[in-house]
Amino acid sequence: EVGAISIESGRGDTCVNEFLRGEIDILVSTEVFDDMASSVDVHLLCSQDMCLVAPRSFHEAGSSLEELAQALPLVRAPENTRAHAAIVRYLAARGVAPRREISCRSISATIEIVRSGRGWTLMAPLPLTASREMLDLVSLIPLPGRPPAQTIALAADRNRFLETPA
């Protein structure tokens, strides 16, 4: 018998806490619970390299990432996310210092800002599928070097599903 099923997209402020309290049985998330290996089983579902999402005009002009970072604000994930930390490390390693930043929780708002020529972002391709109708209006550009990756994993409480095969 299956109980209630809830599917949520995007960053939820309570989902991880609800999972840790036992209110959610299984969680598919970018959270990989590194610090809880003894109590949480984590199964990698996919991992994708992030790419540069830039206004069409940037790609057509052949500008560099450094030039883009000085001309337009970086539209980034909130500071308390893995994506933000990975992007900060990547840009620092490449010597890219965005002149301005906009913190944005919404993928569709981020794409709209980029589409309108008011910013740029680094993002994995999978979340971009939610804004499919706008993808023709932006440029998706592979990042040089070792780009940050976004991992999506399934997590389950190890003590709850002892007899369920993985």
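Structure: above.
Residues numbered from 1 in each chain as written. Predicted model: local features only at pLDDT ≥ 70, side-chain atom pairs only at ≥ 80, totals over all residues. Heavy atoms only, no water.

Asker: Please clarify how the sheet that holds strand 6 (residues 121-123) should be interpreted in this entry.
Answerer: Whenever strands of a sheet pair, they do so through backbone hydrogen bonds, lying parallel or antiparallel. Ordered in space as 6-3-7, the three strands form an open sheet in which the pairing is antiparallel. Of all strands in the sheet, those with a lone pairing partner are strand 6 and strand 7 (138-142), marking the two edges. Strand-to-strand twist in this sheet, taken as the mean axis angle between neighbours without regard to direction, amounts to 35°. Direction of pairing for strand 3 (residues 51-55) relative to strand 7: antiparallel, over a ladder of five bridges. Its bridge partner being in strand 7, C51 is matched across the sheet by P142. (Pairing = 2+ DSSP bridges. Helix = DSSP H or I, 4+ residues; strand = E, 2+ residues; numbered from the N terminus. Axes fitted to C-alpha atoms, helices over the stretch in contact; angles between N-to-C directions.)

Asker: Just to check I follow, could you spell out helix 4 (residues 82-93) for this structure?
Answerer: Given 3.6 residues to a turn, an α-helix orients residues that are three or four positions apart in the same direction. Its 12 residues give helix 4 an end-to-end C-alpha distance of 17 Å, which sits within 8% of 16 Å, the value for a rise of 1.5 Å per residue. H84, A86, I87, Y90 and L91 are the residues of helix 4 that are buried. Projected onto a plane normal to the axis of helix 4, the buried residues spread over an arc of 165° and lie on a single side. The exposed set on the far side of helix 4, more than 90 degrees from its buried face, consists of R89, A92 and A93. Those residues of helix 4 that are buried lie in contact with helix 3 (65-71), strand 4 (74-76) and strand 6. Once helix 4 ends, the next one or two residues include G95, with phi positive near 75°. (Expected span 1.5 Å × (residues − 1). Buried < 20%, exposed > 50% of the residue type's maximum accessible area, 1.4 Å probe, protein only. Arc of directions from axis to C-beta. Contact = heavy atoms within 4.5 Å.)

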